[in-house]
Amino acid sequence: MSISRDRETIKENLQKKGFNLKDGGDHWRFIYYSKDGKKTAVHTKISRGTKYKMLRDNLLAQMAKQCKLVKSDFKDLIDCPLSRDVYEKKLEEQSIAI
């Protein structure tokens, strides 16, 4: 099943889930900070180019991998049913330091 999402919505929802936004010129760069405020190695980015208002399946799959999630979990992260607590638990299960 192919999915696509609005990049502005993704940007807003990643920030709600603990990703800090850094303006990197032609990309928005996101670094995940744990609920304890610790910077992690988890990061992703979104192109700011005007031709990419909707991010397609292949880009979402890349972002999911960068966020250490399967695509369906990433979809839940950006659509908000996946809570920050559950996300951190998934990272811990993969032995990712948070």
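What counts and how
- Residue numbering note: each chain is counted from 1, following its sequence as written.
- Local features in this predicted model are restricted to residues whose pLDDT is 70 or higher, and side-chain atom pairs enter the listing and the counts only when it is 80 or higher, whereas totals over whole chains, interfaces and linings include all residues.
- Derived side-chain values reflect all non-hydrogen atoms in the structure, with water molecules and hydrogen atoms excluded from consideration.
- Axis definition: a line fit to C-alpha positions, over the contact stretch in the case of helices; interaxial angles, taken between N-to-C directions, run 0 to 180 degrees.
- Numbering of helices and strands starts at the N terminus; helices are DSSP runs of H or I of at least 4 residues and strands are runs of E of at least 2.
- With respect to orientation, any angle under 35 degrees is reported as roughly parallel, any angle over 145 as roughly antiparallel, any angle of 65 to 115 as roughly perpendicular, and every other angle as oblique.
- Any two residues having at least one pair of non-hydrogen atoms within 4.5 Å are treated as being in contact.
- Amino acid classes used here: Ala, Val, Leu, Ile, Met, Phe, Trp, Tyr, Cys and Pro are nonpolar; Asp, Glu, Lys and Arg are charged; the rest, including Gly, are polar.
- Ring pairs are drawn from Phe, Tyr and Trp, using the six-membered ring of Trp, whenever the two centres fall within 6.5 Å, and their geometry is named by plane angle: stacked under 30 degrees, edge-to-face over 60, tilted for the rest.
- A ring has a charge above it when a Lys NZ or an Arg CZ is no more than 6 Å from the ring centre and no more than 35 degrees off the ring normal.
- Polar contacts, as used here, are pairs of N or O atoms within 3.5 Å; protein pairs need one atom able to donate a hydrogen and one able to accept it. Residues neighboring in sequence count only if both atoms are side-chain atoms.
- Any residue under 20% of the maximum accessible area for its type is buried, any over 50% is exposed, and the rest in between are partly exposed; the area is computed with a 1.4 Å probe on protein chains only.
- The arc in question is the one spanned by the directions pointing from the helix axis to the C-beta atoms.

Colleague: Got a minute to help me understand the packing of helix α1 (residues 7-16) against helix α3 (residues 71-79) in this structure?
Modeller: In a packed pair of helices, the relevant descriptors are the angle between the two axes and the axis-to-axis distance. At their nearest, the axes of α1 and α3 sit 8 Å apart, and the two run at 85° to each other. On the basis of the axis angle, α1 is roughly perpendicular to α3. The residues of α3 that touch α1, namely those facing Ile-10, Asn-13 and Leu-14, are Phe-74, Leu-77 and Ile-78. Here the contact of α1 with α3 is built from residues that sort into five nonpolar, one polar and no charged.

Colleague: I tried to follow the packing of aromatic side chains on my own but got confused; where do I start?
Modeller: When we look at a pair of aromatic rings, we describe it by the centre distance and by the angle of the planes. If you walk through the whole model with that rule in mind, you get three aromatic pairs. For the cation-ring pair, Lys-11 lies above Trp-28, with the distance from its terminal atom to the ring centre recorded as 4.4 Å.

Colleague: Can you walk me through the side chain of Thr-44 in this structure?
Modeller: Here Thr-44 lies in strand β4 (residues 39-47). There is a polar contact of 2.5 Å between the side chain of Thr-44 and the side chain of Gln-66. Not counting residues within four places of it along the chain, the set of residues in contact with Thr-44 comprises Leu-14, Trp-28, Arg-29, Phe-30, Met-63, Gln-66 and Cys-67.

Colleague: Is there a simple way to think about helix α4 (residues 84-93) in this case?
Modeller: Since there are 3.6 residues in each turn of an α-helix, residues three or four apart along the chain are aligned in direction. What α4 keeps buried is the set Tyr-87, Glu-88 and Leu-91. Angularly, the buried residues of α4 cover 95° about the axis, an arc narrow enough to put them on a single face. In α4, the exposed positions that point more than 90 degrees away from the buried face belong to Lys-89 and Glu-93. For α4, the secondary structure elements touched by its buried residues are β2 (19-23), β3 (27-33), β4 and α3.

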